[in-house]
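Architecture at a glance
What follows is the residue order along each chain.
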Amino acid sequence: MPTKYVFVSGGVISGLGKGITAASLSALLEARGYRVAPMKVDMYLNQDAGTIRPSEHGEVFVTEDGLETDQDLGNYERFIGRPLHRAQYATTGQVYAEVLRRERAFAYEGEDVEAIPHVTDEIIRRFKLGGQGADICVVELGGTVGEYQNGIFFEAARLLGRREPKNVAHVHVAYLPIPGALGEMKTKPVQQSVRMLNGMGIEPDFVVGRSSQAMDGRRKERIALFCNVAKEDVISNPDCGSIYEVPLILEDQRFAQRLLARLGLKPKRADLKPWRDVVDAIRRAKRDVKIAIVGKYFAVGDFMLSDVYISVIEAVKHAAWAISRKPAITWIDAADIEKHGAEKILAGYDGVLVPGGFGSRGIEGVIAAIRYAREKKVPYFGLCYGMQLAAVEFARDACELKGAHTTEIDPQAPHAVVHIMPDQEKKLLNREYGATMRLGSWDCALKPGTVSRHAYGTAAIRERHRHRYEFNNAYRETLTKAGLVVAGTSPDGQLVEIIELKDHPFFVGVQFHPEFQSSPLKPHPLFRAFLKAVAK
Ligand code: GLN
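Reading guide: rules and limits
- Residues numbered from 1 in each chain as written.
- Predicted model: local features only at pLDDT ≥ 70, side-chain atom pairs only at ≥ 80, totals over all residues.
- Heavy atoms only, no water.
- Helix = DSSP H or I, 4+ residues; strand = E, 2+ residues; numbered from the N terminus.
- Rg over C-alpha atoms; globule rule 2.2 N^0.38 Å.
- Buried < 20%, exposed > 50% of the residue type's maximum accessible area, 1.4 Å probe, protein only.
- Contact = heavy atoms within 4.5 Å.
- Areas by Shrake-Rupley, 256 points an atom, 1.4 Å probe, with all protein chains shown as cover.
- Lys, Arg positive; Asp, Glu negative; His and termini not counted.
- Charge placed at Lys NZ, Arg CZ, Asp CG, Glu CD.
- Pairing = 2+ DSSP bridges.
- Axes fitted to C-alpha atoms, helices over the stretch in contact; angles between N-to-C directions.
- Near = heavy atom within 4 Å.
- Polar contact = N/O pair within 3.5 Å; in protein donor to acceptor, adjacent residues only side chain to side chain.
- Nonpolar A, V, L, I, M, F, W, Y, C, P; charged D, E, K, R; others polar.
- Parallel < 35°, antiparallel > 145°, perpendicular 65-115°, else oblique.
- Left-handed = near helix turned anticlockwise from the far one by under 90°.
- Core = buried A, V, L, I, M, F, W, Y, C linked by side-chain atoms within 4.5 Å.

Here the focus is the overall build of the chain. Each helix and strand counted, the chain has 21 helices and 21 strands in total. A compact globule built from 536 residues would reach a C-alpha radius of gyration of about 24 Å, and the chain, at 25 Å, matches this within 12%. Dimensions along the principal axes, computed over C-alpha positions, put the chain at roughly 75 × 60 × 45 Å. Looking at the chain as a whole, 57% of its 536 residues qualify as buried. Pairs at least 24 apart in sequence give 73% of the contacts found in the chain among residues at least 6 apart. As displayed, the chain offers around 22600 Å² of accessible surface, 50% of which is attributable to carbon and sulfur atoms. Between the centroid of the 71 positive side chains of the chain and the centroid of its 66 negative side chains there is a distance of 5 Å.

Quick look at the structure:
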């Protein structure tokens, strides 16, 4: 059976949720027993998302096999509940780098190397790699239709459809505004967006309308008429309480069945009970848990904090719902703590979380927040930087190591409790920044009797990393004597991966990013344990 390809493009506005549409569709196909490979192609020249400022582009997600990707891959994993791999993410930069490499290697044997067909062939090769072994590859085309930058990906999608008409379908996701002065939902922008797609030689098989309210029959008819699709293939995707309701909304309109028919595949029955249970749990959760997330404040660019830390936020939500609580997350600007003190800003929160990060801005505020949580016995969860800074705080205050710091901030620190990993130093000196951090999944051995060991319920785990600095073993003895517990290490015992504190309701810092492995159907054990402590 050849792999089928479903291209999901967007129109009218950016940030319209085509990633969630692609993820939800993937979930519906998976629920029918099809093996789906969701894939994202991005138009920028960066070869991965690792060198893009999160405030520009949102969270940098990390796959199991260590690629730094767009946040949409996180959405896909959360919806299909399975890890994705590097072939499922491509950028213009990757594509051109390969074409140029081949050109230098005389792989084109004297041909004139051109955007079409050489670049499009390379893109199609990547679609094939992304879909390898899958029944259906759902490819989200980054950006919106009509941009110069992503046109070549649309062209490659068109060409693949020419070559394999039975194996390719196009879904166009576009926005229907309801202008305030009119109070009425308008379809014209969607029609024009589809026109633009037609101009590129692509006829969508399905049009998904994103809007604040559900689309009525009349609107569906208009779109069907002007966009040359069946009315049943115009799908309404309105704003709703939670993104995890979207699969159910699409299912009610028989989206997956119709798509499967279009691709010549059996419709099959879907088992959506797990999704219905999640949505019920979300609706049932009434009592709040108040969690403060402390970090430096990003307010620039198009992206908000909620995009920068999307996996962290989702992981908190998954765990809260699992214990029937409603997550109330507040962003605390670490600079405010520097100004007004932790006591004043953090009083009233049930838990404190410090996510990953880089650089010095607001760092003393973060450390003050950690001290507050440690001393006042407020549940604390530190992720990556949040673990490193917990070690720094503990060294300074509980071990009286004056000036203790991470060398990321103070290279001359008298007590370098956190220092650069040996192989990283050279890379930074040579300005080798791209894809050179400690990335992807690594094994970790858990110490018996610890909070983490108890939470995971197993002694050996694998978690994803993205960092250059680590806990300095020269301080292991001093800190553990003062009450720090090294709860997890690399299997050889060398790298400290988890720290905990004795005599505290919950104080856990992890060198990895557990948030990347949480999904609504399977909340992450450490987030669950944190939320349980928070709810108490
Ligand atoms: N800046 C720290 C490091 O590079 C932490 C990284 C992170 O939080 N992802 O080690």
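Bringing the sheet that holds strand β14 (residues 404-406) into the picture now. Taken in spatial order, the 3 strands line up as β14-β15-β18 in an open sheet, and their pairing is mixed. Looking at the sheet topology across the chains shown, the edges are occupied by β14 and β18 (469-471). Taking each pair of neighbouring strands and ignoring which way they run, the sheet shows an average axis angle of 25°. With 3 bridges joining them, strand β15 (residues 415-420) and β18 adopt antiparallel strand pairing. Counted as the bridge partner of Val418 is Phe471 from β18. Contacts between helix α17 (residues 385-397) and the sheet are confined to β14, β15 and β18, with β14 contributing the most and set at about 165° to the helix. Across the sheet, helix α18 (residues 422-429) touches β15 and β18, and the angle it forms with β15 is around 70°.

The next thing to look at is unusual backbone geometry. With an omega of 15°, the peptide bond between Ile116 and Pro117 qualifies as cis. Assignment of secondary structure puts Pro117 in helix α5 (residues 115-131). Here Arg431, not a glycine, exhibits a phi torsion of approximately 55°, which is positive. Inspection of the secondary structure puts Arg431 in the loop between α18 and β16 (438-446). Exposure remark for Arg431: the relative accessible area of 63% places this residue in the exposed category. Although it is not a glycine, Asp503 adopts a positive phi angle of roughly 55°.

In the region of the ligand, the neighbouring residues are Gly356, Gly357, Phe358, Cys384, Tyr385, Gln388, Glu408, Arg466, His467, Arg468, Tyr469 and His513. Between the ligand and the protein, one listed contact pairs a nitrogen atom with a side-chain N or O atom of His513 at 3.2 Å. Across the complex, the protein chains shield 99% of the 300 Å² of accessible surface that the ligand would expose by itself. Contributions of two or more residues to the shell around the ligand are made by α17 and β17 (460-467). Partitioned by chemical class, the residues of the shell around the ligand number 4 nonpolar, 5 polar and 3 charged.

Another point: the packing of helix α7 (residues 188-199) against helix α8 (residues 217-227). Following both chains from N to C, one finds α7 and α8 inclined at 25°, their axes separated by 10 Å at the closest point. It follows from the interaxial angle that α7 and α8 lie roughly parallel. Between α7 and α8 the crossing geometry is right-handed. The segment α7 lies against α8, with Val190, Gln191, Val194 and Arg195 engaging Ile223, Phe226 and Cys227. In terms of residue class, the contact of α7 with α8 is made up of 5 nonpolar, 1 polar and 1 charged.

With that settled, the discussion passes to the nonpolar core. Ranked by size, the top nonpolar core spans 52 residues in total, and within it Val6, Leu29, Ile136, Val138, Val171, Phe255 and Leu259 carry the most contacts. Looking at which element gives the most residues to this core, the answer is helix α1 (residues 18-30), with 7 residues. Look past the residues within four positions of Phe255 in its chain and what remains in contact with it is Leu25, Val171, Phe206, Val208, Ile235 and Leu250. Formed by 43 residues, the second largest nonpolar core is a distinct cluster that contains Phe471, Tyr475, Val486 and Leu501.

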